[in-house]
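# Per-entry structural report
Here is what each chain is made of, one letter per residue.
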Amino acid sequence: MTDPGAFAWPPAPIRTKRLVLRESEARDRAAFVELLSSPEVGTYTGGSRPRDELERAMPGIPGRRPGLFVIELDGAMIGIIELNRRAPEHRSDVRPDGGEAELGYLLLPETWGCGYAAEACTAALGWFADAVPGRPVVLATQTANDRSMRLAVKLGFTEIRRYEAWGAEQWFGMWSPVTPSG
């Protein structure tokens, strides 16, 4: 996600009003398979993966890496949220040295429309602003993904540009932590 050693990983679980953001555990494996094989989830992310392939390839503790949080509701995983270093081939020029942190999230379809994505993303962005002060975060989504577009605006991302990629128009925005004046 960012320079090694810039923050401790994993952080203590982050608790919101309804959710817990935490490191993945073995008990999350079935939910990871469900999430990544869902046709609805894959609509704007390049498609879902075959369930049987995921069952064979998924490690015992899936998604355990710096920057990936499991989103938990009432003791069960409902999605993931990631803050990863943007790949060099997708350099955005937001930072002169590249390597911006990029926000990504996936939630199980049955949880859509309940405000969980906004709640989880707000908590993750707050954690990031504390862990790596002053660093902007970028987000890319298809303009056809109305829910993701509305969430980006709600979270305070500002449009930088639109571009064509993967056969669709993409929206690219930036979020900067608010620093108190004074």
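About the criteria used
Residues numbered from 1 in each chain as written. Predicted model: local features only at pLDDT ≥ 70, side-chain atom pairs only at ≥ 80, totals over all residues. Heavy atoms only, no water. Helix = DSSP H or I, 4+ residues; strand = E, 2+ residues; numbered from the N terminus. Buried < 20%, exposed > 50% of the residue type's maximum accessible area, 1.4 Å probe, protein only. Contact = heavy atoms within 4.5 Å. Areas by Shrake-Rupley, 256 points an atom, 1.4 Å probe, with all protein chains shown as cover. Salt bridge = Lys/Arg side-chain N within 4 Å of Asp/Glu carboxyl O. pLDDT = per-residue confidence, 0-100. Arc of directions from axis to C-beta. Pairing = 2+ DSSP bridges. Axes fitted to C-alpha atoms, helices over the stretch in contact; angles between N-to-C directions.

### Here's the deal with the overall build of the protein
Scanning the protein for helices and strands turns up five helices and eight strands. Counting from the amino terminus, the protein carries its helices and strands in the arrangement β-β-α-α-α-β-β-β-α-β-α-β-β. Counting over 182 residues, the protein shows a buried share of 47%. Across the protein, the fraction of contacts at a sequence separation of at least 24, relative to all contacts at a separation of at least 6, is 64%. Carbon and sulfur atoms provide 52% of the accessible area of the protein, an area that totals close to 9500 Å².

### Quick notes on the pattern of salt bridges
Throughout the structure, instances matching the rule amount to 13 salt bridges. Between Arg 22 and Glu 72 there is a salt bridge, with its nearest N and O atoms 2.4 Å apart. Of this pair, Arg 22 sits in strand β2 (residues 19-22) while Glu 72 sits in strand β3 (residues 68-73), and the two are 50 residues apart along the sequence. Under the relative-accessibility criterion, Arg 22 is labelled buried at 6%. What makes Glu 72 buried here is its relative accessible area of 11%.

### Overview of the confidence of the model for the protein
Averaged over every residue, the pLDDT of the protein is 88; the share at 70 or more is 87%. Per-element confidence in the protein is highest for β2, whose mean pLDDT is 98, and lowest for strand β7 (residues 158-165), whose mean pLDDT is 92. With pLDDT under 50 throughout, residues 1-5 is counted as low confidence; its partners more than four residues away or in other chains account for 13 contacts.

### Notes on helix α5 (residues 146-155)
Listed as buried for α5 are Ser 148, Met 149, Leu 151, Ala 152 and Leu 155. The arc enclosing the buried residues of α5, seen along the axis, measures out at 165°, which places them on a common side. Opposite the buried face of α5, at more than 90 degrees from it, the exposed residues are Arg 150, Val 153 and Lys 154. Where α5 is buried, its residues touch β5 (101-107), α4 (116-131), β6 (137-142), β7 and β8 (168-175). Positive backbone phi, approximately 95°, marks Gly 156, located one or two places after α5.

### Digging into the sheet that holds β8
Strand order in this open sheet of eight strands is β1-β2-β3-β4-β5-β6-β8-β7, and the pairing throughout is mixed. Looking along the sheet, the strands with just one partner apiece sit at the ends: β1 (14-15) and β7. Of the strand pairs in this sheet, β6 and β8 are connected by six bridges, and their pairing is antiparallel. By the bridge assignment for β8, Thr 141 is matched with Trp 171. Here helix α1 (residues 29-37) sits on the sheet in contact with β3, β4 (76-85) and β5, set at roughly 70° to β4. Against the sheet, α4 makes contact with β1, β2, β3, β4, β5, β6 and β8, and its axis sits at roughly 40° relative to β4, the strand it touches most.

### Quick notes on the pairing of β3
Among the six residues in β3, six count as buried, and that is most of the element. Burial along β3 is two-sided: Leu 68, Val 70 and Glu 72 facing one way and Phe 69, Ile 71 and Leu 73 facing the other are all buried. With four bridges joining them, β2 and β3 adopt antiparallel strand pairing. Across the sheet, the residue bridging to Arg 22 is Val 70, located in β3. Bridge analysis of β3 against β4 gives six bridges, and the strand direction is antiparallel. Within the sheet, the bridge partner assigned to Leu 68 lies in β4 and is Glu 82. Turn length for the β3-β4 hairpin, with the two strands adjacent in sequence and antiparallel, is two residues, and the turn residue Asp 74 shows positive phi of about 50°.

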